[in-house]
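Chains, contacts and geometry: an overview
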Amino acid sequence: MPQKPSTTTTATTTTATTTTTTTTTTITASTVGQEVDLESYKKYLRSKFTGGQKCEDPGSRDTDFPPDPSRTDFGCSTTFQGLTEEERETSSREQIRIWCDPDTGASSFSEQQSVPFSRSLQTFWENDSSILCLKRYIKEHCTDGYPVPNIVHLVAFTNPTMSFRNAIGFYSIFTVAKPCLVLLHSDVELEGPNWDIMAPSATNLVRVHRKPLDYINKRKIKFVQTKADLARIDVLAEYGGIYLDSDMVIFRNMDIFRAVQFAANKAGSNANLANGIMFSVPGAELLKIWRDHWKTYLGTSWNSHSVLLITKLAKWHPTLMSELGPIFIKFGPANQEKLYKRNCHLKESYAAHLFKGALPKNADFEYVKKINTTFGRIARYILFGDSNLCNIDDEESEDR
C-alpha cells in the first residue's frame, strides 16, 4: 500500500517554530554555507551542448539513474490506489500555511499543518492582498544566492484530474527538485486517485487562483494550449522561478540553471526551443518583449507565439536569454518511440518530457513495474528510487 495519511476524526495543527527576525539575502558566492555555482550551466548552452538523439543501451548498471530508494515512500511491492470518500474525510495530511504579520505585513512565516485530506490547498487570490504576502514570503524565504528564486510554477486549467504521467512529474518535483515552494496556478482544484496518492508528498504546495484568458487583442483564444502559454509567461514575469509543464519529470537538482536571467532549452532534434521548462528572474526583460509580441497574435495557431516565437527571440535578443541545448528533453516529439518503445540511456539529462502522443494507453503504476523501456526506467527511478525492473514474484515470496 502507498503511504497513506494517518486516520483521525479531527484535524490537528502542528505549529512550527518561527522567529520575527528577517534576514536579507544578497547575491554572494555562497548561501547558507553552500557554494553557489553561477557558471556551470554554461557548458549546457546550445552552442556547446548538442546532446544527440542516438539510442544507446543503458546496460545493467543504469549509470544515468544511480539508485536512491531512501528518497521515495514507494517501492515495487507498493499497491497504488486512491482513497474512498470516507477516507478523505477521516484521514489527514501535512500542508503548508503561509501568513504575514497582520499589523505591518513586514514579515512572513510558514508552518506545516495536519489537515483533513479533503481540505483545499491554501489559496491565494488574484488582485488580493494575500498575493502580496505570498510574494513577500518568496522574497524572504525562497531567494538565495542564485538570481532565479527557488520556486516552481505549474499551470492547470479546466481539467482537475491528475493523469498518471502528470503524477510522475509531480512526484519528481517534491522528491528530486525539492524547491522551497510550488505554486499551482489554476482555476480548478486537483482531484482523482493519482492526486490521492501524490498529495501527501506535496507538503509545500499552494494554489494561486488564476482564470485563463479567453480573449487577447479582442480575439477569442481558440486553444487551451495558448491560454497556458500566456499564463506561464505572466507567472514567470510576476514571480520569477522555474516553470514546468505538468508532464516534465525531473531527475537531478536544477540549481545550477538558476544562475541565468532567463533560459529555455532545445527539445531533442527539434529545431525550435521548447517552453515546457523555463527559468527566469522576476520581471525578465525577455519576458516583457515576448509578451508584447502577443499583440500580433491572430488566434489561428497554437504555437506561433509560443515555441516558434521564443526561438526567434533567442536570435533577436541573444544577450537577454540563455539558449540551452537538449539537456532537459533529450528525446523530443519526433523521437517518442525512444521513450515508449525502446530502452535508451539518458546520459547527462536533467529531465524528460512525457509526451502524451505515444504514451501507452495502459500505462499505470503496475505497468511501469515491468516494462523495459526508457519510460519504464524513468518511472521506476522517480517512484521507487531504482530504475531496475521490479521482480514482483521474488518480493512477494520474501513477504510470505
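Further up the page is the structure itself.
Scope of this entry: the structure provided in the associated data block.

1. Quick notes on the state of the cysteines
- Per the stated rule, a full pass over the model turns up four disulfides.
- Sulfur-sulfur distance for the disulfide between Cys-100 and Cys-133 comes to 2.2 Å. Disulfide Cys-100 to Cys-133: torsion about the S-S bond roughly 100°, handedness right-handed. Within this pair, whereas Cys-100 is found in strand 3 (residues 92-100), its partner Cys-133 is found in helix 2 (residues 129-141), the two being separated by 33 residues in sequence.
- Note on cysteine connectivity: Cys-142 is disulfide-linked to Cys-180, with sulfurs 2.0 Å apart. On the sign convention where negative is left-handed, the bridge of Cys-142 and Cys-180, at about -55° about the S-S bond, is left-handed. Taken together, the residues Cys-142 in the loop between helix 2 and strand 6 (151-156) and Cys-180 in the loop between helix 3 (164-177) and strand 7 (181-186) connect sequence positions 38 residues apart.

2. Quick word on the environment of Asp-62
- Following the sequence through the fold, Asp-62 ends up in the loop between strand 2 (34-35) and helix 1 (85-90).
- Relative accessible area serves as the criterion here: at 5%, Asp-62 is assigned to the buried category.
- Once the C-alpha coordinates of Asp-62 and Cys-344 are considered, the two residues, 282 residues apart in sequence, prove to be 10.0 Å apart.
- When near neighbours in sequence (up to four residues on either side) are disregarded, Asp-62 contacts Arg-377, Ser-387 and Asn-388.

3. Here we look at helix 5 (residues 224-239)
- Taking 1.5 Å per residue, 16 residues should reach 22 Å; helix 5 reaches 22 Å between its end C-alpha atoms and fits that length.
- Within the span of helix 5, buried status applies to Thr-226, Lys-227, Ala-228, Asp-229, Leu-230, Ala-231, Arg-232, Ile-233, Val-235, Leu-236 and Tyr-239.
- Taken from the residues just after helix 5, Gly-240 is the one with a positive phi, measuring 70°.

4. Here's the deal with the sheet that holds strand 14 (residues 273-280)
- One open sheet accounts for eight strands, arranged 5-8-7-6-11-14-13-15; its pairing is mixed. Unpaired on one side and paired on the other, strand 5 (123-125) and strand 15 (322-329) mark the two borders of the sheet. Between one strand axis and the next, the sheet turns through 30° on average, direction left out of account.
- Note: strand 6 against strand 11 (residues 241-244), two bridges, orientation parallel. Its bridge partner being in strand 11, Val-152 is matched across the sheet by Ile-242.
- Packing of helix 3 onto the sheet brings it into contact with strand 6, strand 7, strand 8 (205-209) and strand 11, and relative to strand 6 it is tilted by some 165°.

5. A short note on the nonpolar core
- Within the largest apolar cluster, 107 residues are counted, with the highest numbers of intra-cluster contacts made by Phe-170, Met-198, Phe-257, Phe-262, Trp-290, Phe-328 and Phe-375.
- Element by element, the count of residues in this core is highest for helix 3, at nine residues.
- Apart from the residues within four sequence positions on either side, Phe-328 is in contact with Met-248, Met-254, Phe-257, Asn-265, Ile-277, Phe-279, Tyr-350, Ala-351, Ala-352 and His-353.
- By size, the runner-up hydrophobic cluster in this structure holds 17 residues, among which are Cys-100, Leu-183, Val-235 and Tyr-239.

6. Topic: the packing of aromatic side chains
- Enumeration over the complete set of coordinates arrives at 21 aromatic pairs.
- Taken together, a centroid distance of 5.9 Å and an interplanar angle of 70° make the contact between Phe-170 and Trp-195 edge-to-face. Of this pair, Phe-170 sits in helix 3 while Trp-195 sits in helix 4 (residues 193-198), and the two are 25 residues apart along the sequence. Trp-195 matches Phe-170 in its accessibility class, with the two residues each being buried.
- In textbook terms, an aromatic cluster arises when at least three aromatic residues are bridged by ring pairs, as seen for Tyr-44, Phe-49, Phe-257, Phe-279, Phe-328 and Tyr-350.
- Geometry around Trp-99 places Arg-97 over its ring, the cationic atom sitting 4.3 Å from the centre.

Parameters and conventions
- Residues numbered from 1 in each chain as written.
- Predicted model: local features only at pLDDT ≥ 70, side-chain atom pairs only at ≥ 80, totals over all residues.
- Heavy atoms only, no water.
- Disulfide = S-S within 2.5 Å.
- Helix = DSSP H or I, 4+ residues; strand = E, 2+ residues; numbered from the N terminus.
- Buried < 20%, exposed > 50% of the residue type's maximum accessible area, 1.4 Å probe, protein only.
- Contact = heavy atoms within 4.5 Å.
- Expected span 1.5 Å × (residues − 1).
- Pairing = 2+ DSSP bridges.
- Axes fitted to C-alpha atoms, helices over the stretch in contact; angles between N-to-C directions.
- Core = buried A, V, L, I, M, F, W, Y, C linked by side-chain atoms within 4.5 Å.
- Phe/Tyr/Trp six-rings, centres within 6.5 Å; stacked < 30°, edge-to-face > 60°.
- Lys NZ or Arg CZ within 6 Å of the ring centre and 35° of its normal.

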